[in-house]
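Coordinate analysis (summary)
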Amino acid sequence: MGTLIVLEGTDGAGKSTQLRLLTERLRAEGRAFRQLRFPQYDQPSSALIRMYLEGQFGEDPAAVNGYAASTFYAVDRYASFVRDWGAYYREGGLLVADRYATSNAIHQGVKVPPAERPAFLAWLWDLEYRKMGLPRPDLVLWLDMPPRWSRELLARRRAAGGGSDIHERDGDYLARCYETAREAAASDGWTAVPAVEHGALRSPEAIAEEIYRHVRHCLEG
């Protein structure tokens, strides 16, 4: 089987930037890999996700419960695995993903009362990794970006003309997602990569260097 590395984080954590820096470095080293990004907004399998994020089921993210919404994303991943990258993975390929089942743990787990969250996570991993047969990641790199900073970065993006979905427009939801992410990261063995150090944002290059060290250890270990 192949190796699956996932970059994860709450909205505004800088996943896209870090994915770009990581893949540039892998290419420079001559490593063969494939890049994945979820959801697949340009594919029919994401239809329910797009409806959900556009607010067609309600403007409040909690309007669709965590179990129902998780299935939207899981089906999109399943379609991608079966139609696109499953054979490459089984043949031993390296895959680097921007979001994965781990995003359901954060964005849908937040809708579940804390006392019920362990049961939700157990259900989620069973759904995606066992019943659907999706591969479990070999390494999950969680970009630890506190809500204060992610809100600021999202505001800058909107000011520059970027759009936002119902999650990103809800500041309280983002804060609760961060706490849920910390819980999921601790319980599922994710590798935390701090985005803030000594009260200031770390440079993208410093974060990228730490990410690369973890990736190299995963590939060579």
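Okay, so let's go over this structure. No experiment lies behind these values; they were computed from the predicted model shown.

1. Observations concerning the pattern of salt bridges
The final tally for this structure, using the stated rule, is 16 salt bridges. Arg99 is the salt-bridge partner of Asp11, the closest N and O atoms lying 2.8 Å from each other. Remark: Arg99 occurs in the loop between β3 (94-98) and α4 (101-107) and Asp11 occurs in the loop between β1 (3-9) and α1 (15-28); sequence separation between them is 88 residues. Each member of the pair, Asp11 together with Arg99, is buried. A salt bridge links Asp172 to Arg176; the nearest nitrogen and oxygen atoms lie 3.0 Å apart. Note that Asp172 and Arg176 are positioned in helix α7 (residues 171-188) at a spacing of 4 residues, about one turn of the helix. The structure contains a network of salt bridges with shared partners spanning Glu8, Asp11 and Arg99.

2. A closer look at the packing of aromatic side chains
To describe a pair of aromatic rings, one takes the distance between the centres and the angle between the planes. Using the criterion set out here, one finds 13 aromatic pairs in the structure. Pairing Tyr52 with Tyr73 gives two aromatic rings, centres 6.4 Å apart and planes at 85°, and the pair type is edge-to-face. Taken together, the positions of Tyr52 in helix α2 (residues 47-53) and Tyr73 in helix α3 (residues 66-90) put the pair 21 residues apart, joining distant regions of the chain. Using a relative accessible area of 1% as the deciding quantity, one classes Tyr52 as buried. Between Trp125 and Tyr129, the aromatic rings sit 5.5 Å apart at their centres with planes inclined by 5°, giving stacked as the arrangement. Taken together, the residues Trp125 and Tyr129, both in helix α5 (residues 117-131) and 4 residues apart, mark about one turn of the helix.

3. Quick look at the nonpolar core
Core analysis: the largest hydrophobic core is formed by 30 residues, its most contacted members being Leu4, Trp85, Tyr100, Ala105, Trp125 and Trp190. Every element with two or more residues in this core is listed here: β1, α3, β3, α4, α5, β4 (139-144) and α7. With 6 residues, α7 is the single largest residue contributor to this core. Ignoring sequence-local partners within four residues, the contact set of Ala105 consists of Val110, Phe120, Leu121, Leu124, Trp125, Thr180, Ala184 and Trp190. The next biggest cluster of nonpolar side chains, apart from the first, holds 20 residues, and it includes Leu7, Leu26, Phe33 and Leu139.

4. What about the environment of Ala200?
In this structure, Ala200 sits in strand β7 (residues 200-201). Each C-alpha atom of the pair Ala200 and Trp149 lies 9.2 Å from the other, and the pair is 51 residues apart in sequence. Once residues lying within four places of it in the same chain are set aside, the contact partners of Ala200 are Trp149 and Ala195.

5. Quick word on the side chain of Gln108
Tracing the backbone through its elements, the reader meets Gln108 in the loop between α4 and α5. With relative accessibility at 1%, the residue Gln108 sits in the buried group. Within the local environment of Gln108, its side chain forms a polar contact with the side chain of Lys111, the two groups lying 2.8 Å apart.

6. Section: the pairing of β4
In terms of burial, β4 is a largely internal element, 6 of the 6 residues being buried. Here β4 shows two buried faces, one formed by Leu139, Leu141 and Leu143 and the other by Val140, Trp142 and Asp144. Relative to β4, β1 runs parallel, the two being bridged by 5 bridges. Across the sheet, residue Ile5 finds its bridge partner in β4, namely Leu139. Inspection of the sheet shows β4 paired to strand β5 (residues 191-194) by 4 bridges, in the parallel sense. Within the sheet, the bridge partner assigned to Trp142 lies in β5 and is Ala192.

What counts and what doesn't
Residues numbered from 1 in each chain as written. Predicted model: local features only at pLDDT ≥ 70, side-chain atom pairs only at ≥ 80, totals over all residues. Heavy atoms only, no water. Salt bridge = Lys/Arg side-chain N within 4 Å of Asp/Glu carboxyl O. Helix = DSSP H or I, 4+ residues; strand = E, 2+ residues; numbered from the N terminus. Buried < 20%, exposed > 50% of the residue type's maximum accessible area, 1.4 Å probe, protein only. Phe/Tyr/Trp six-rings, centres within 6.5 Å; stacked < 30°, edge-to-face > 60°. Core = buried A, V, L, I, M, F, W, Y, C linked by side-chain atoms within 4.5 Å. Contact = heavy atoms within 4.5 Å. Polar contact = N/O pair within 3.5 Å; in protein donor to acceptor, adjacent residues only side chain to side chain. Pairing = 2+ DSSP bridges.

Don't take any of this as a statement about function, it's just geometry.
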